[in-house]
Amino acid sequence: MVEAVLIDLFSLPANLQNDIQELLCNTLETIEKRSSLVAPFVYVMCCQRQESEKHGEQESLLPALREFQSLTKRFEVVRALTIAAALYTIKQRLDEEVLSAIRVILPPSRKDLMKVYIDHLFTAVYQFEFEDLQVTSDCENLQIAEPQSEEQTLPTQDVALIQNEIQEYLESLPSLKGELTILRSSLIPDDTFLHGFTTRTGGISYIPTLSSCNLFSSSKRRDPQVVVKENLRRLAIAAGFNPEAFHRVKIDHANTVFIMGKTEPDSYDGIVTDQKGVTIAAPGADCIPVLFADPVRKACGAAHSGWRGTLLGVSMATVNAMVSEYGCNVKDILVVLGPSVGPCCYKLPHESAKEFHRIDPKCVRLFDSASPYIDIRRATRILLESGGILPENIQDDSVTDQNQNITFCTACHPDKFYSHFRDGTNFGTQIGFISIKD
């Protein structure tokens, strides 16, 4: 069922500019008459001319809509200088109401253009239907036609222009929830490595559970790649790395490690490199982002360690890759565990808890309960120490000086971190990142 209607009047023919009120009336009347088009929210997208940005102009549209009492409260005219700005504003309205099924009514000549904007600004969470708005110089002849079947593609240069317009608009948006903040470990030498763990502040993501510096996009969440890319660009400026030489692990919740320079697997939870100027990263939103640094061989790694990856030994798999590929001595490797869900909050079913109990009974609290509390950090440390990592070369929440602690519980600090455990399916993601300085 259609939940919202978007009427695209952004590029009206010049001879219809003065008839916009009548055009809107006829369009809305057509919507009302069509029983198959039931939409509680209606958004009309119009171009705001730079020479006439008076508030009264938008208000003048409202008297023409008074006869549509059923739509008035859920009707909005969105005026902007660019299509990107108008669509992004409408996306915010859709997200406020948690709407996903949208019918777009627009002139046939603009359909391919609109699809490119939508592909960039929305994710697969949203479903769009398109209908043609046939516009003539006589507004009484306005009609909504069924969509045509022909699929056309915009020229590459036009797509590039749209991408640039979107990027420029997103770059102009203010940061939300304060300044961008990066947590750094005192264990990793900053004369050799650039590294850090992100928090949730300083980006442009506006959805409450994703706000504001979300650094991961998926088909199941409402933050598109372009927003994540802008958040990453802002992080790169603050941290001092090149966002074009950035590689994030492709999560599989297992223990595969990608050695940069070799064939990249389809999915992997660890990544290692000895290339200077290349930033590698692991995400986390309860799962542990783990960073590895060898200041002797000048190699580094990053791993994503959830409960499954922890049991499968993804952290030691990353260490072993550094040893075998770059000749690292396991006793030289430094390991830092980033913000992740703590044993204070994290529960697993009893059957899964048994596996952690086998590693060390201290990894499980209330073992006899149906859902015991699990300490995946302690389990990670034990497995690393068993693999030869020196205890003093591991930084986690066991540090005695709390001023040095960066392994905060993500579920306990909603103002600082994202948490899948706390926020549900539409959750944001922070990352741990590291690179070797030139």
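With an unreviewed UniProt entry as reference, the protein is termed Purine nucleoside phosphorylase LACC1, source organism Lophotis ruficrista. Taken verbatim from the UniProt record of the protein, the Sequence similarities (unreviewed entry) comment is "Belongs to the purine nucleoside phosphorylase YfiH/LACC1 family." Here the protein is described in UniProt, under the heading Subunit (unreviewed entry), as follows: "Interacts with FASN. Interacts with SDHA. Interacts with ATF6, EIF2AK3 and ERN1."

Between helix H4 (residues 83–96) and helix H6 (residues 156–172), the shortest axis-to-axis distance is 9 Å and the interhelical angle comes to 60°. Overall, the two elements H4 and H6 adopt an arrangement that is oblique. Both H4 and H6 take part in a crossing whose hand is right-handed. Here H4 contributes Ile83, Ala84, Ala85, Tyr88 and Thr89 to the contact with H6, which in turn contributes Glu165, Ile166, Tyr169 and Leu170.

Turning our attention to the sheet that holds strand S19 (residues 430–436). Strand order in the open sheet made by the five strands is S7-S8-S19-S12-S9, with mixed pairing throughout. Among the strands making up the open sheet, the edge pair consists of strand S7 (182–183) and strand S9 (246–248). Sheet topology places S7 next to strand S8 (residues 193–198); two bridges connect them, and they run antiparallel. Paired with Leu183 across the bridge in S8 is Phe197.

Quick look at the pairing of strand S11 (residues 270–273) now. The two faces of the sheet receive side chains in turn, since in a regular strand these alternate between them. Side chains Gly270 and Val272 project from S11 onto one buried face, and the interleaved Ile271 and Thr273 project onto a second face that is buried too. With three bridges connecting them, strand S10 (residues 257–259) and S11 associate as parallel partners. From the neighbouring strand, Phe258 faces S11, where its bridge partner is Ile271. Examined bridge by bridge, S11 and strand S14 (residues 299–305) share four bridges and lie antiparallel to one another. Across the sheet, residue Ile271 finds its bridge partner in S14, namely Ala302.

What follows covers the environment of Ser218. The topology assignment puts Ser218 in the loop between S8 and helix H7 (225–239). A residue is classified by how much of its surface remains accessible, and Ser218, at 22% relative accessible area, is partly exposed. On a C-alpha basis, the gap between Ser218 and Val125 in space is 9.2 Å, while along the polypeptide they are 93 residues apart.

Here is what the cut-offs are and how they apply
- Residues numbered from 1 in each chain as written.
- Predicted model: local features only at pLDDT ≥ 70, side-chain atom pairs only at ≥ 80, totals over all residues.
- Heavy atoms only, no water.
- UniProt positions renumbered as here; feature names shortened; annotations may be inferred.
- Axes fitted to C-alpha atoms, helices over the stretch in contact; angles between N-to-C directions.
- Helix = DSSP H or I, 4+ residues; strand = E, 2+ residues; numbered from the N terminus.
- Parallel < 35°, antiparallel > 145°, perpendicular 65-115°, else oblique.
- Left-handed = near helix turned anticlockwise from the far one by under 90°.
- Contact = heavy atoms within 4.5 Å.
- Pairing = 2+ DSSP bridges.
- Buried < 20%, exposed > 50% of the residue type's maximum accessible area, 1.4 Å probe, protein only.

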